[in-house]
Amino acid sequence: MKRVQFSHPLMPYMLLLPQLSIVGVFFLWPAAEAIRVSFYLEDPFGFGSTFVGLDNFKDVISASEYSRTAWFTLIFSSAVTFFSLSIALLLAVKADKVIKGASIHRTLLMWVYAIAPPVAGLLGVMLFDQHIGPLNDLAHALGWNMQIGVNYFDTAFAMTVIAVWKQIPINFIFFLSGLQSVPKSVQEAAAVDCRSSLRRFWTVTFPLLAPTSFFLLIINITYALFDTFGIIDLVLKGEPGNNPVTLVYKVFLDGFRGNDLGGSSAQSVILMMLVFALTVVQFRMIERRVHYS
Amino acid sequence: MKHTQFWDHTILTFGALIMLVPVVYALMTSSHDAVSIYKDGLQLSPGGHFVDTYKQVLTEAGGFTRSVTGLTMLWNSLILGLGFAFGKIIISMLAAYAIVYFRFPFGTFFFWIIFSTLLLPLEVRILPSYEIVQGLGMANTYSGLIIPLIASATGTFYFRQFFKTVPDELVEAARIDGAGPVKFFIDILVPLSRTMIAAIFLIMFVFGWNQYLWPTLITTDESLFTLVRGMKQILQVWIGAQIPDTNQAMALAVLAMLPPVLIVVIFQSWFVKGLVESEK
């Protein structure tokens with residue numbers, strides 16, 4: 001907060017009014033509505049609704065399909081997070097080292113950040129296509145009869161590859177800026193003490209990158225959970241069938257295709273709690289880091 | 001030393017190629033004709049139908065979406081990007097100004113209400129959001145497309161951080177000179193924030209342009225489709241066709257990514273700074 005502030009009886013409220021009204025109508029109201037509906041059973045023909053307590057939650061959690069989706073989401077998120085973080089870290093470490101052509105490398109590795117997930121999804125579908133896709137040809141050459149959209153594992157594989165590809169640039173940007181903020185003096189001192197550059201990386205540089213890595217971990221989990229919607233929607237081409245979907249995609253399917261309002265809302269509430277937990281962890285991390293510096 | 005530098009460059013070049021090649025495929029394939037792509041697969045070298053393909057997807061209503069041309073979709077994307085960026089900047093600057101520069105009852109409470117929007121992404125409340133916006137008669141309108149997306153507080157957060165770095169002496173000086181809050185805002189704070197506004201504008205434009213889920217729900221009328229929103233329809237028509245117009249699908253994908261990619265490449269340092277700053 002500022003030391004010097006204005007005081008005016010009405011003005012601050014007027015300044016806040018546009019944002020508050022949008023937040024109220026398009027954020028708080030829907031969020032409250034999701035929580036309310038999750039306790040009700042909506043009549044499919046629109047004849048009112050009955051309060052059913054936690055039944056929707058019980059139904060959701062006990063459904064075998066839900067646990068299957070939850071498992072897939074867990075594995076998918078872990079894979080996307082792990083691969084996009086480690087590939088980006090490798091590239092950032094290399095980009096931090098080279099001097100010649102550093103800015104060209106940086107540009108070439110970060111620009112994909114601008115591509116929307118569904119556009120990446122469309123490119124992926126074409127590249128993995130059984131008839132015209134070069135990646136499919138490559139898989140065939142390696143003896144893998146890849147069938148995206150038919151085979152559960154192959155579909156999951158394609159989704160993961162596309163999601164990782166799309167996420168590498170943002171991780172790269174953060175890792176590179178983290179690496180560049182490691183003081184030169186620290187690096188030089190380490191270089192005097194230890195000859196092996198690999199060991200120097202794991203014992204000196206990597207711990208210094210820890211705050212960035214923690215932050216990115218949360219960002220990547222959030223990305224894998226939510227922002228991959230466009231990729232999944234394109235890979236599945238709107239026909240999920242027996243293919244893998246994430247929890248967020250299931251909220252969408254059950255709510256808009258299945259017309260199961262209560263169930264979809266209960267799933268929304270479960271996701272809200274998940275996001276809330278992630279945010280609390282994130283704030284803890286940030287606070288801890290403030291104490292460091 | 002020479003040896004390790006070689007490997008560094010090799011790894012970086014390999015990484016850059018992995019990023020680049022899918023898009024090169026899209027661009028090159030869009031310059032071939034449908035039949036040859038059907039026969040030979042996706043292309044990595046330029047063909048002779050570049051102008052034809054783009055003319056067709058931009059001006060002809062047939063092909064993919066049957067009732068809407070690529071130009072209309074491009075226009076809708078532009079409206080979404082611009083509307084979102086302008087709306088967000090105006091609203092969040094005003095809110096951040098109130099939060100940082102005024103002391104008033106319930107100030108902290110309102111602050112937390114606004115920032116609670118950072119907790120829950122749209123994805124976890126899609127169904128009720130859709131029903132409320134539809135109930136307000138805003139389905140298939142530009143305002144229904146844009147305004148609900150502005151609810152998140154990212155812009156307010158950026159401006160709050162920036163305003164906090166503006167020296168207190170400026171407010172003191174303004175007050176000594178008898179300038180009120182309106183005059184201070186317009187004559188001092190807005191000019192000071194010019195670079196910040198421009199950076200946030202571009203970040204928000206790209207963000208708005210790339211929206212998918214919300215446009216998918218709220219626009220069912222094809223004349224309101226954005227390019228990114230249209231991706232699934234483009235793909236569905238592509239699957240359904242005898243000899244799919246892969247060149248046209250790729251051309252629309254190229255159009256959908258071109259403006260954001262250009263902006264990000266040209267204003268790279270702003271983006272990097274904007275992204276990294278948001279972490280703090």
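Residues numbered from 1 in each chain as written. Chains lettered and ligands numbered in written order. Predicted model: local features only at pLDDT ≥ 70, side-chain atom pairs only at ≥ 80, totals over all residues.

(A) A look at the overall build of chain B. Secondary structure summary: chain B contains 15 helices and 0 strands in total. Seen through its C-alpha atoms, chain B measures out along the principal axes to roughly 75 × 65 × 30 Å. A total of 280 residues make up chain B; the buried ones form 46% of that total. Residue pairs in contact within chain B that sit at least 24 positions apart in sequence constitute 72% of those at least 6 positions apart. (Helix = DSSP H or I, 4+ residues; strand = E, 2+ residues; numbered from the N terminus. Buried ≥ 20, exposed ≤ 12 C-beta atoms within 10 Å, placed from the backbone. Contact = placed C-beta atoms within 7 Å.)

(B) Inspection of the overall build of chain A at higher detail. Within chain A one finds 12 helices and 2 strands. Counting from the amino terminus, chain A carries its helices and strands in the arrangement α-β-β-α-α-α-α-α-α-α-α-α-α-α. Summarising its shape, the C-alpha atoms of chain A cover approximately 75 × 70 × 30 Å along the three principal directions. Counting over 293 residues, chain A shows a buried share of 42%.

(C) Spatial organisation of the environment of B:Trp270. All names here are of chain B. You can see Trp270 is positioned in helix H15 (residues 268-278). Residues Trp270 and Met196 lie 74 residues apart in sequence; the distance between their C-alpha atoms is 9.1 Å. Trp270 has contacts with Ala199 and Leu202, leaving out every residue within four places of it along the chain.

(D) Structural view of the environment of A:Val93. Residue and element names in this part refer to chain A. Structurally, the position occupied by Val93 is in helix H3 (residues 64-97). Distance in space between the C-alpha atoms of Val93 and Leu236 is 35 Å, their sequence separation being 143 residues. Non-local contacts of Val93, meaning those with residues more than four positions away in its chain, are made with Leu179 and Phe201.

(E) Examining the interface of chain A and chain B more closely. Residue-level contacts link 77 residues of chain A with 77 residues of chain B. Residue contributions to the side of chain A that touches chain B peak at 17 residues, all from helix H1 (residues 11-37) of chain A.

(F) Summary view of the environment of A:Phe72. All names here are of chain A. Here Phe72 shows up in helix H3. For Phe72, a count of 20 C-beta atoms within 10 Å gives the class buried. Between the alpha carbons of Phe72 and Phe283 there is a distance of 27 Å; along the sequence they are 211 residues apart. With sequence-adjacent residues up to four places away left out, Phe72 is seen in contact with Pro244 and Thr246.

(G) Representation of the packing of H1(A) against helix H5 (residues 107-115) of chain B. Viewed as axis vectors pointing N to C, H1(A) and H5(B) meet at an angle of 30°, and their least axial separation amounts to 10 Å. If you check the angle between H1(A) and H5(B), you find them roughly parallel. For H1(A) against H5(B), the interelement crossing comes out left-handed. Residues A:Pro12, A:Leu16, A:Gln19, A:Leu20 and A:Val23 of H1(A) form the contact with H5(B), whose own contacting residues are B:Gly107, B:Phe110, B:Ile113 and B:Ile114. In terms of residue class, the contact of H1(A) with H5(B) is built from 7 nonpolar, 2 polar and no charged. (Axes fitted to C-alpha atoms, helices over the stretch in contact; angles between N-to-C directions. Parallel < 35°, antiparallel > 145°, perpendicular 65-115°, else oblique. Left-handed = near helix turned anticlockwise from the far one by under 90°. Nonpolar A, V, L, I, M, F, W, Y, C, P; charged D, E, K, R; others polar.)

(H) Just unusual backbone geometry, in detail. Residue and element names in this part refer to chain B. Phi is positive for Phe106, close to 65°, though the residue is something other than glycine. By secondary structure assignment, the location of Phe106 is in the loop between helix H4 (70-101) and H5. A tally of 11 C-beta atoms within 10 Å means that Phe106 is categorised as exposed. In this structure, Asn140 takes a positive phi of about 55° despite not being glycine.

(I) Looking closely at the packing of helix H4 (residues 102-110) of chain A against helix H7 (residues 152-180) of chain A. As a packed pair, H4(A) and H7(A) sit with axes 8 Å apart at the nearest point and diverge in direction by 145°. Contacts between H4(A) and H7(A) involve A:Arg106, A:Leu109 and A:Met110 from the first element and A:Pro169, A:Phe172, A:Ile173 and A:Leu176 from the second.

(J) Spatial organisation of the confidence of the model for chain B. Residue-level pLDDT values for chain B average 88, and 95% of them are 70 or greater. Interface predicted TM-score (ipTM) for the complex: 0.91; the corresponding pTM is 0.91. (pLDDT = per-residue confidence, 0-100.)

(K) Main features of the nonpolar core. Formed by 156 residues in total, the largest nonpolar core has its most connected members in A:Val119, A:Leu122, A:Phe172, A:Val235, B:Ala253 and B:Ala256. Non-local contacts of B:Ala253, meaning those with residues more than four positions away in its chain, are made with A:Val119, A:Leu122, A:Leu123 and B:Ala26. (Core = buried A, V, L, I, M, F, W, Y, C linked by C-beta atoms within 7 Å.)

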